[in-house]
Amino acid sequence: MSDRRLFKSHQVTPELPRLQPGPQPLDRNVIASYMLEEQLGSGGMGQVWKAIDRGLARPVALKLLPHSMVADQDTRARFLREAKVASVLNHPNIVTIFETGEYEKQLFIAMELIEGVTVRDLINRHDVTRERALDIVKQALLGLSAAHQAGIIHRDIKPENLMVRKDGYVKILDFGLAKFQVSTEAQVTPQSGIVGTPRYMSPEQIKNDPVDGRCDLFSLGAVLYEMLAGEPPFGGENVGHILSAIISLNPPALKGVPPELAKIVMKALQKDRQKRYAQAGEFLTDIIAYTGGSLEIPGIATETSLVVLPLTCSPDDEIFADGIVDEIIANLSRNSRLRIIARSTSKLYRNHSMSIQEIGQALNVDMALEGSLRRSGERVRVVAQLVNTRDGFQMWNGRFEVKVKDIFDMEDEISDAIVGELHKHFKSMESLDERVALPIVDSAISELYFKGVSLQGTLRIDDIRKAIEYLQKVIELAPGFATAHAKLSTSLANLYRLLLPHAPAELLGEAEEEAKKALALDPANPDAYVSLSIVARIRGDFSAAHANLSEALRISPSHVTALSWLSYVHIFTGNCEEAEKLARKAIERDPAGSSHYTFLGYSLISQGRFMEASDALDRALRIDPRNHYSYAILLYAKLAMGQMEEARIMRDYLVHSDNLPLAVQAVLSLYRQITETPAEVPFSDELLLKIPYEPEAERIAADVFALRGEMKGALKFIESSVKKGLLNLPFLEHDPFLKPLRDDPAFITLKGLVADRIKRLSHKH
Ligand code: ATP
Ligand code: MG
């Protein structure tokens, strides 16, 4: 869905900042949904502008590619496709691509706006200590390692393409773009036909040999050399000299650099790539051994990963086919050695035009299950194959022909066949637990059931009401159907949640009842436990919520809803590091799910990591631009960082929305207080007494009072919030607006109370 459409459907028109006066080489200042603001730089591949994304009311960096680079339609199409593959790379050290597109023949890439400097700037300013150089290389290697594992090579690592953000994060720019670069005089002679920036180019690139990840390691080695020596390793007056130096000369010895470190650099710069580091991880290990300290290298997966793609079928059978895929995913999620992509993400690949290899790269998974479904009358035929996404090799295939009433047996058969197949390749793969036999159902029941399940997932009130109706009918017809009870329970709990604050109280009791029925029929039903956790959380019983979610994850370790909600529970119980880990785990399995990013953002804010939080929330809003919470948390982060211009854009969006939750209104008052916009006092003592279970809103109200210098008022809010169950101690500690209270004895006592409570709670777990 395009951001622009969503924007229209909301009819929100935040004010847009005026264009800066100054030279404007472009004859327009609007590209698709972006409004150009100021030029940030330019290079061999066009210009980079700071722009405002009007759909999401947020600033971005917009790269405009020169027409010459992608002149013909074929190249354009290939460019857009490849950029899309690279854009799915999701790593903190790789710049996030939001969108690539074409607007009136102008190709553009919208990406995360990085506030910081390029490594080129640092080198020119002689502003790189050895320690800093090593830190930059470490972070770049983490990003490269993730990309290489996904099969993506950068091809143009150079100081201009590495940025260091204000908070120290290194971001790699321009992934995979080098392939499309046209040679210019400043770069390579037209005759040679090679592209890239010669100073950092690997010998194999110059010789036009096929490249692999090791060419990036050479280039990064050259960048490291330059940061340490102040001069690039391969000098020369012109391009020809540089190229021949790379191919045939050894770089001058590194003066004043400890020999162990010089050895590392020279290993990266080996001309014969067999003698170089074989992988980014190896390079990194040597750097870490040199600098001391330890570092977990993430992304070097010990688990096997799989995506189950939507089955191709006639449009009439989509719900039915999706239901089957859902159940297969649920079955396979029980295997703790398998990272399985969640349904909400895999469904995006319906009718895709990507190759299996591209999908594998996009989702960073080893295998894909794909197939087709055909139904005629009471008979269903499914043909499926399991493919290795790294090489396209078929690992297994199967054909199933069953009566609709036996459809659940078939799902089990397919899941078992896959696990059996994985057994052959991965010895540690565990078999699936015995599953509870499903009641014999007929075609009408399975139809109702799949319809109910598909509606339940949308989280729209009307859909959920319908889902409840369908699932109730299913249970009437097949009372022993545990999963139907569990799904009904989740629907009831979600309906309650969505109807708040006007939800009928009995809904919650009914939800609990249904979950218990499901567990009586199948004590290992993970959905039932998730449902019980929602009920517990709504009642404010975080301890029970924690227990239920842990149980769901014991049964089904890849259950994304359970991972995500447990992350949320940890935020509210003050264990923000664990919350961060769980949210990241959910994201690995469900990169298209927005709430995981919202929780990740919240857990980071609570740890005072505002800049990283902004990244996560930005992602959340790209996926679900209507989420007021994501907006409000992002607004809070911007206020905490003092980024007032961006904060204003966010505020403009929020004030145009109705029915804002209390906590969101509280953040808006915080904005008003900081910008000194005259306004009514947002929280009075009387209001305070009326606030229901909303410790978060009160905590922010405390910020407002602290900013006004009314410390008594601030403390009163904190006290009330603690009374109502606030447990997020890290947030109290990292809250920049509460700094004036840091040494206040009453504040310290309140924090002590919260700490004690957390201790008691963790004993219970
Ligand atoms: P090449 O075209 O070979 O990549 P280059 O890296 O010098 O050469 P660009 O990629 O067009 O040129 O980038 C130009 C400059 O714009 C960068 O060096 C950097 O200063 C700035 N820039 C690029 N991307 C961003 C971004 N996402 N956020 C902030 N500044 C950026
Ligand atoms: Mg660049």
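Quick caveat: nothing in here was measured; it's all calculated off a predicted structure.

Student: Would you explain helix α7 (residues 239–248) in this entry?
Tutor: What sets the pattern is the α-helix's 3.6 residues per turn: residues three or four places apart point alike. All of the buried residues along α7 are V239, I242, L243, A245 and I246. Projection of α7 onto a plane perpendicular to its axis shows the buried side chains occupying an angular sector of 160°, all on one side. Where the residues of α7 are buried, they touch α5 (203–206) and α6 (214–229). With a side-chain oxygen lying 3.0 Å from the backbone nitrogen of G240, the N-terminal cap of α7 falls on N238.

Student: I tried to follow empty space enclosed by the protein on my own but got confused; where do I start?
Tutor: Where empty space is left becomes clear once a probe the size of a water molecule has been rolled over the atoms. Tallied over the full model, the rule gives five cavities of 30 Å³ or more. The computed volume of the largest cavity comes to approximately 270 Å³. Along the wall of the largest cavity there are 17 residues; nearest its centre are E112, L113, S614, D615 and K638. Broken down by secondary-structure element, the contributors of at least two residues to the lining of the largest cavity are β4 (58–64), α23 (610–623) and α24 (628–641). Element by element, the count of residues in the lining of the largest cavity is highest for α23, at five residues. Class assignment of the residues belonging to the lining of the largest cavity gives a composition of five nonpolar, three polar and nine charged.

Student: Even after reading the chapter, I still don't get the site of ligand 1, so can you show me in this structure?
Tutor: Every one of the 23 residues lining ligand 1 counts as a neighbour, but M45, K63, K158, N161 and D174 are closest to it. Take I114: an N or O atom from its main chain is 3.0 Å from a nitrogen atom of ligand 1. Residue D174 places a side-chain N or O atom 2.7 Å away from an oxygen atom belonging to ligand 1. In isolation ligand 1 exposes 600 Å². Once the protein is present, 91% of that is buried.

Student: So what exactly am I meant to see when it comes to the packing of helix α16 (residues 482–499) against helix α18 (residues 526–538) here?
Tutor: Each pair of packed helices can be summarised by the angle the axes make with each other and by the distance between the axes. Relative to each other, α16 and α18 sit at 25°, their axes nearing to 8 Å. With respect to α18, the axis of α16 lies roughly parallel. Handedness of the α16/α18 crossing: left-handed. Residues T483, A486, K487, S489, T490, A493, N494, Y496 and R497 of α16 form the contact with α18, whose own contacting residues are D527, A528, S531, I534, V535, R537 and I538. Looking at side-chain class alone, the contact of α16 with α18 contains seven nonpolar, five polar and four charged residues.

Student: What am I meant to see in the pattern of salt bridges here?
Tutor: Two side chains with opposite charge may pair up if their charged atoms get near one another. Within the structure shown, the criterion is met by 39 salt bridges. Put simply, E204 and R276 hold a salt bridge, and the shortest N to O gap is 2.9 Å. Linking E204 in helix α5 with R276 in the loop between α8 (259–268) and α9 (280–291), this pair joins segments that are 72 residues apart in sequence. Both residues of the pair, E204 and R276, count as buried. For E588, the salt bridge identified is with R589, shortest N-O distance 3.6 Å. According to the relative accessible area criterion, R589 is buried, its value standing at 3%. Members of the salt-bridge network, linked through shared partners, are E112, R165, D167, K171 and D615.

Student: Please explain unusual backbone geometry as it appears in this structure.
Tutor: Unusually for a residue other than glycine, A32 sits at a positive phi of about 50°. Tracing the backbone through its elements, the reader meets A32 in the loop between β1 (30–31) and β2 (34–43). Residue classification places A32 among the buried positions, given a relative accessible area of 8%. Its identity as a non-glycine residue notwithstanding, E104 has a phi of 45°, on the positive side.

Parameters and conventions
Residues numbered from 1 in each chain as written. Chains lettered and ligands numbered in written order. Predicted model: local features only at pLDDT ≥ 70, side-chain atom pairs only at ≥ 80, totals over all residues. Heavy atoms only, no water. Buried < 20%, exposed > 50% of the residue type's maximum accessible area, 1.4 Å probe, protein only. Helix = DSSP H or I, 4+ residues; strand = E, 2+ residues; numbered from the N terminus. Arc of directions from axis to C-beta. Contact = heavy atoms within 4.5 Å. Polar contact = N/O pair within 3.5 Å; in protein donor to acceptor, adjacent residues only side chain to side chain. 1 Å grid on protein atoms, 1.4 Å probe; cavity = no way out; pocket = protein on both sides within 12 Å on 5 of 7 lines; lining within 4 Å. Points joined across faces, edges and corners; volume = space filled by probe spheres on them. Nonpolar A, V, L, I, M, F, W, Y, C, P; charged D, E, K, R; others polar. Near = heavy atom within 4 Å. Areas by Shrake-Rupley, 256 points an atom, 1.4 Å probe, with all protein chains shown as cover. Axes fitted to C-alpha atoms, helices over the stretch in contact; angles between N-to-C directions. Parallel < 35°, antiparallel > 145°, perpendicular 65-115°, else oblique. Left-handed = near helix turned anticlockwise from the far one by under 90°. Salt bridge = Lys/Arg side-chain N within 4 Å of Asp/Glu carboxyl O.

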